[in-house]
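Chain by chain, the residues run as shown.
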Amino acid sequence: MIYQWERLAAEGRLNKPKGRPPKMKNNKDMSLEEKNKQLEQQVTYLQAKVAYLEKLDALIQSKKSPTKKKRK
């Protein structure tokens, strides 16, 4: 058993990286134009999401506090 470990260490096969490799997208391959286009799409998406959530919040608030009519 120790012999096998020594042999693997000598061959350099003992220091293998363990676990799964990262699945992150490599942004180094993307050109500057592609990066800008992707960022613009992300900004547009996030702006639409914020507008939707603001309108949804206003709708929820209007339903929670109904308007009271004044009595004369």
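In the block above lies the structure referred to throughout.
Note that the structure is predicted; figures quoted are calculated from it, not measured.

**A closer look at the overall build of the protein**
Looking only at helices and strands, the protein features 2 helices and 0 strands. For the protein, the proportion of its 72 residues judged to be buried stands at 1%. Counting every atom, the protein has about 8,200 Å² of accessible surface; 56% of that belongs to carbon and sulfur.

**Observations concerning a nonpolar patch on the surface**
Residues Tyr 52, Leu 53, Leu 56, Leu 59 and Ile 60 make up a contiguous nonpolar surface patch of roughly 460 Å² in combined accessible area. Classification of Leu 59 as partly exposed rests on a relative accessible area of 43%.

Calculation criteria
Residues numbered from 1 in each chain as written. Predicted model: local features only at pLDDT ≥ 70, side-chain atom pairs only at ≥ 80, totals over all residues. Heavy atoms only, no water. Helix = DSSP H or I, 4+ residues; strand = E, 2+ residues; numbered from the N terminus. Buried < 20%, exposed > 50% of the residue type's maximum accessible area, 1.4 Å probe, protein only. Areas by Shrake-Rupley, 256 points an atom, 1.4 Å probe, with all protein chains shown as cover. Patch = residues over 30% accessible without salt bridge, like charges linked within 9 Å, V, L, I, M, F, W, Y side chains within 5 Å. Salt bridge = Lys/Arg side-chain N within 4 Å of Asp/Glu carboxyl O.

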